[in-house]
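Structural overview
Each chain, letter by letter, is given below.
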Amino acid sequence: MKKQSFLLGSFALVASANAFSHGMMSMMYPEDGAMMMSQAERVEMHFKAPVKLVSLKVVPEGGAPLPLSIDRSAPATEHIMVKLPQLTPNNYTVHWKAMGTDGHMMNGSYGFMQH
């Protein structure tokens with residue numbers, strides 16, 4: 001019983017961390033679940049408060065992360081934009097990690113389809 005309670009508590013903590021990080025984001029492009037008919041040229045995220053990008057990976061289904069140019073020395077900002085290479089038709093998952101100005105780490109992921 002204690003093991004189940006611990007597992008449920010751990011899951012709730014992870015779920016609340018993801019809910020917080022998604023609550024901090026006010027917009028993303030491509031949007032979660034989008035079916036892109038034209039080429040997605042960038043990943044763009046707008047946050048409600050300045051964050052510093054720690055990690056960003058765009059991973060095609062069944063493949064390795066795409067090569068992206070990320071400036072980790074850039075100052076904290078509310079708007080993050082990273083150019084994408086030419087995408088082939090596939091499902092893609094965006095995994096991001098950012099740090100707030102107070103040192104709080106946030107992360108999340110979302111997906112889109114490129115036709």
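The structure reproduced in this document is the subject of the present report. In this text, all values refer to a predicted model and were calculated from it rather than measured experimentally.

**What about the overall build of the protein?**
Secondary structure summary: the protein contains 1 helix and 6 strands in total. Sequence-ordered secondary structure for the protein, helices as α and strands as β, is α-β-β-β-β-β-β. When each of the 115 residues of the protein is scored for burial, the buried share is 30%. Contacts in the protein between residues far apart in sequence, at least 24 positions, make up 61% of those at least 6 positions apart. In the form shown here, the protein has an accessible surface area of approximately 7200 Å², with 60% of it arising from carbon and sulfur atoms.

**Considering the packing of aromatic side chains**
Using the criterion set out here, one finds 2 aromatic pairs in the structure. Centroid distance Phe 47 to Trp 96: 5.4 Å. Interplanar angle 75°. Geometry classified as edge-to-face. Placement of the pair is Phe 47 in strand S3 (residues 42-60) and Trp 96 in strand S5 (residues 90-100), with a sequence separation of 49 residues. Of the residues examined, Phe 47 reaches a relative accessible area of 4% and is grouped as buried. Of the residues examined, Trp 96 reaches a relative accessible area of 2% and is grouped as buried.

**A word on the pairing of S3**
In this sheet, S3 lies alongside strand S1 (residues 25-29) in antiparallel orientation, the contact comprising 4 bridges. Across the sheet, the residue bridging to Met 27 is His 46, located in S3. One ladder, built from 6 bridges, connects S3 with strand S4 (residues 77-83); its direction is antiparallel. Of the residues in S4, the one forming a bridge with Met 45 is Ile 80. Here S3 pairs with S5 via 9 bridges, running antiparallel. Within the sheet, the bridge partner assigned to Lys 52 lies in S5 and is Met 99.

**Considerations on the nonpolar core**
By size, the foremost hydrophobic cluster in this structure holds 27 residues, and its most contacted members are Met 45, Phe 47, Leu 56, Val 58, Trp 96 and Phe 112. When contributions to this core are tallied by element, the ones reaching two or more residues are S1, strand S2 (34-36), S3, S4, S5 and strand S6 (105-114). The biggest single contributor to this core is S3, with 7 residues.

**A closer look at unusual backbone geometry**
Of the consecutive residues Tyr 29 and Pro 30, the connecting peptide bond is found in the cis state with omega at -10°. Here Pro 30 lies in the loop between S1 and S2.

**Points about the pattern of salt bridges**
Scanning the entire structure with this criterion turns up 1 salt bridge. The salt bridge partner of Arg 42 is Glu 44, with a shortest N-O separation of 2.5 Å. With a relative accessible area of 9%, Glu 44 lands in the buried category.

**Looking at the side chain of Glu 44**
Locating Glu 44 in the fold gives a position in strand S3. At 2.5 Å, the side chain of Glu 44 forms a polar contact with the side chain of Arg 42. Setting aside its immediate chain neighbours within four residues, Glu 44 contacts Met 27, Met 28, Tyr 29, His 79, Ile 80, Met 81 and Tyr 110.

Rules behind the numbers
Residues numbered from 1 in each chain as written. Predicted model: local features only at pLDDT ≥ 70, side-chain atom pairs only at ≥ 80, totals over all residues. Heavy atoms only, no water. Helix = DSSP H or I, 4+ residues; strand = E, 2+ residues; numbered from the N terminus. Buried < 20%, exposed > 50% of the residue type's maximum accessible area, 1.4 Å probe, protein only. Contact = heavy atoms within 4.5 Å. Areas by Shrake-Rupley, 256 points an atom, 1.4 Å probe, with all protein chains shown as cover. Phe/Tyr/Trp six-rings, centres within 6.5 Å; stacked < 30°, edge-to-face > 60°. Pairing = 2+ DSSP bridges. Core = buried A, V, L, I, M, F, W, Y, C linked by side-chain atoms within 4.5 Å. Salt bridge = Lys/Arg side-chain N within 4 Å of Asp/Glu carboxyl O. Polar contact = N/O pair within 3.5 Å; in protein donor to acceptor, adjacent residues only side chain to side chain.

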